[in-house]
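# Summary of structural features
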Amino acid sequence: MHKMVENGVKHFRLDERRLKRLESLMHGIIKKIKPDKAEVERLTALSNEVMSRLRNLVPKSVEIITAGSIAHGTHLKGSSDIDIFMLFPKEMEERKMEMRALEIAKRVVSKQKHERYVIKYAEHPYVKLFMDDEDVTVDIVPAFKIRDASEMGSAVDRTQLHTEFVLSHLSEKQKDEVRVLKFMLGQHGIYGAEAATQGFSGYLCELLIYYYGSFAKLLEAFARLSPPVAIFPANRSEAIGKEKAELVKSFNSNFIVIDPTDSTRNVAANVSMEALARLSIISRRLIQNPEKKVFYGPRYSAVNERDKILEFRSRLGTDMYIVALKTDDIADDILWQQLKKFKSRLETALAEQRFECILSIQGIGNGYAALAFFINRPKRGTDVVLGPSAFMAGASESFMRAHQSKALAVTMYEDRIAYIEKPKFNDAGELLRSMSQKKDLPTHMRKATAKVLLNKAPEEYAEILYPELVFATSI
């Protein structure tokens, strides 16, 4: 591999030989992940059919368009989610628009074709149509017709501008390279902006390929990425100096990709530093070794998850505590965020009580939620509480009054008073059980179901925890 050293930093580059190997790898992957002509025609026909039904129902002032990766031509083989937008005149009152849109969208559902729908909620309520005979879902989303971001009423309105930008700026070759990027990120668990992933959205992937020009150039850039970074895909420029510092402060982010359709938005706002770091590592490895095993990353097998988790625990030599819960039927993003906050509170409490948690993971799915904590010091006999110097008269007297009644013993560490006390919790399980009572649980975790398991992993919880364990312990 050819490396250039600039200011003491190694800059990874693809030499001609490795570039050819990468292009050959990409060519093989594109053949596997790109929808064939028949699949594209089928999805286009279904999309046109639903759009035609809508056009027969809406006033002439309402425009019907497609959006999302299928409309952009960057979707992966097997994708079955179609996005259709009903664009209402901007002067229409928002609540009236929403009610009218739902009324129209529900009327396109055909029971004769075994279709059904549910109403979902984002910034506007929308209809998710299930075409069960076709194994396809269609999101029918209301929005206002706008010319630019200054007319935007909500983030949903911006979507039409994204479609216009992608279709007018990405070449067919670049669209295929977007597919490669999406697929690779998915293989490594960092594709998608959802709370559980905090990775790269489809639109962000499209912008990154456009900005860098190609998948290979993107790898080279991320291999030597040094945050903070702020880029403008619209004119393919990068902020430096004072401008970059101001953007970092304004967006409170170390990775900023300014939406070419809305200069006030960071498209990469949901990308975590971990996801950014993982892509940097993947990029360096692919430049060094453009092989399938690097592109695809660690393999996850949904077999014997329970045994594998227990084997991992045994290999670490720790105790494993699982906080097992059942959940309400609510959006995964909401559940994940609530569970993440709960995990953070438990981690803080464990640290305060001096239990050494070396790894923690969380998982949701199938009506279950679980946290797993791998703990090095699960039991404690006594605590040493170190007080102030005896020469700090007021503080030392206050400290002694607060501790002497519950102390097992008192001693001195040079000039400092120290009490030896029984800990509040003798083991980590006791603490976790205490904090998993009804009043402490997240809103959408069913209160009566919480239990703390020691070195056990029932199958329903192992199924949702093991994929997270693989991701957390693979780089």
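Residues numbered from 1 in each chain as written. Predicted model: local features only at pLDDT ≥ 70, side-chain atom pairs only at ≥ 80, totals over all residues. Heavy atoms only, no water.

A few words now on the overall build of the chain. Secondary structure assignment for the chain yields 16 helices and 18 strands. Dimensions of the chain along its principal axes, counting C-alpha atoms only, are 85 × 60 × 50 Å. A burial count over the chain gives 48% of its 475 residues as buried. For the chain, contacts bridging at least 24 residues in sequence account for 66% of all contacts bridging at least 6. Approximately 24,000 Å² of the chain is accessible, and the part contributed by carbon and sulfur atoms is 50%. Computed over 72 positive and 63 negative side-chain charges, the inter-centroid distance for the chain is 3 Å. (Helix = DSSP H or I, 4+ residues; strand = E, 2+ residues; numbered from the N terminus. Buried < 20%, exposed > 50% of the residue type's maximum accessible area, 1.4 Å probe, protein only. Contact = heavy atoms within 4.5 Å. Areas by Shrake-Rupley, 256 points an atom, 1.4 Å probe, with all protein chains shown as cover. Lys, Arg positive; Asp, Glu negative; His and termini not counted. Charge placed at Lys NZ, Arg CZ, Asp CG, Glu CD.)

Attention shifts here to the sheet that holds strand β5 (residues 115–121). Strand order in the open sheet formed by five strands is β3-β4-β7-β6-β5, and the pairing between neighbours is mixed. Looking along the sheet, the strands with just one partner apiece sit at the ends: β3 (63–67) and β5. Between one strand and the next, the sheet's axes are offset by a mean angle of 25 degrees, whatever the strand orientation. Helix α2 (residues 37–55) contacts β3, β4 (81–88), β5, β6 (125–131) and β7 (136–144) of the sheet and is inclined by roughly 30 degrees relative to β4. Those strands touched by helix α5 (residues 159–169) are β3, β4 and β7, and its axis lies near 60 degrees from that of β3. (Pairing = 2+ DSSP bridges. Axes fitted to C-alpha atoms, helices over the stretch in contact; angles between N-to-C directions.)

Grouped together as the largest cluster of nonpolar side chains are 53 residues, with contacts concentrated most on Met184, Phe200, Leu208, Phe215, Phe222, Phe255 and Phe295. With nine residues, the single largest contributor to this core is helix α7 (residues 202–212). Not counting residues up to four positions away in its chain, the partners in contact with Met184 are Phe215, Leu219, Leu279, Ile282, Leu286 and Phe295. (Core = buried A, V, L, I, M, F, W, Y, C linked by side-chain atoms within 4.5 Å.)

Within the fold, Leu335 resides in helix α13 (residues 332–352). Along the sequence, Leu335 and Pro59 sit 276 residues apart, while their C-alpha atoms lie 39 Å from each other. Apart from residues no more than four positions distant in its own chain, Leu335 is found in contact with Thr327, Asp328, Ile330, Ile364, His444 and Met445.

A few words on the pattern of salt bridges. With the rule as written, the count across this model stands at 26 salt bridges. A salt bridge links Lys175 to Glu172; its shortest N-O distance comes to 3.3 Å. Pair noted here: Lys175 and Glu172 are both in helix α6 (residues 172–187), with a separation of three residues, about one helical turn. Classification of Lys175 by relative accessible area gives buried; the value is 8%. Between Arg179 and Asp176 there is a salt bridge, and its shortest N-O distance comes to 2.9 Å. A residue pair is termed a helical-turn pair when its members lie 3 or 4 positions apart in one helix, as Arg179 and Asp176 do in helix α6 at three residues. Looking at Arg179, the relative accessible area reads 6%, which means it is buried. Its relative accessible area of 13% is what places Asp176 among the buried residues. (Salt bridge = Lys/Arg side-chain N within 4 Å of Asp/Glu carboxyl O.)

It is worth spelling out the confidence of the model for the chain at this point. When the pLDDT values of the chain are averaged, the result is 92; 97% of them are 70 or greater. Across residues 1–9 the pLDDT falls below 50, and counting only partners more than four positions away or on other chains, this stretch makes 17 contacts in the model. (pLDDT = per-residue confidence, 0-100.)

So, on to the packing of helix α12 (residues 305–316) against helix α16 (residues 459–472). Running from N to C, α12 and α16 cross one another at 60 degrees; their axes reach a closest spacing of 8 Å. Judged by the inter-axis angle, α12 sits oblique to α16. Pair α12 / α16 crosses with left-handed handedness. Taking contact as the criterion, the partners of Glu305, Arg306, Lys308, Ile309 and Phe312 in α12 are, on α16, Glu459, Ala462, Glu463, Leu465, Tyr466 and Leu469. Of the residues in the contact of α12 with α16, the class split is six nonpolar, no polar and five charged. (Parallel < 35°, antiparallel > 145°, perpendicular 65-115°, else oblique. Left-handed = near helix turned anticlockwise from the far one by under 90°. Nonpolar A, V, L, I, M, F, W, Y, C, P; charged D, E, K, R; others polar.)

So, on to the side chain of His72. As for its position among the elements, His72 is in helix α3 (residues 68–72). Setting aside residues up to four positions removed in sequence, His72 forms contacts with His162, Thr163, Val166, Leu167, Lys175 and Glu206.

For strand β14 (residues 368–375), a buried count of seven out of eight residues is recorded, marking the element as mostly surrounded by other parts of the structure. As judged from the eight bridges shared by strand β12 (residues 319–326) and β14, these two strands associate in the antiparallel manner. Within β14, the residue paired with Leu325 across the bridge is Ala369.

For the rest of this paragraph, the subject is the environment of Lys145. As for its placement among the helices and strands, Lys145 is situated in the loop between β7 and α5. Separated by 84 residues in sequence, Lys145 and Ser61 place their C-alpha atoms 9.7 Å apart. Once you skip the residues sitting within four places of it in the chain, Lys145 turns out to touch Glu63, Leu87, Phe88, Lys90, Glu151, Gln160 and Glu164.

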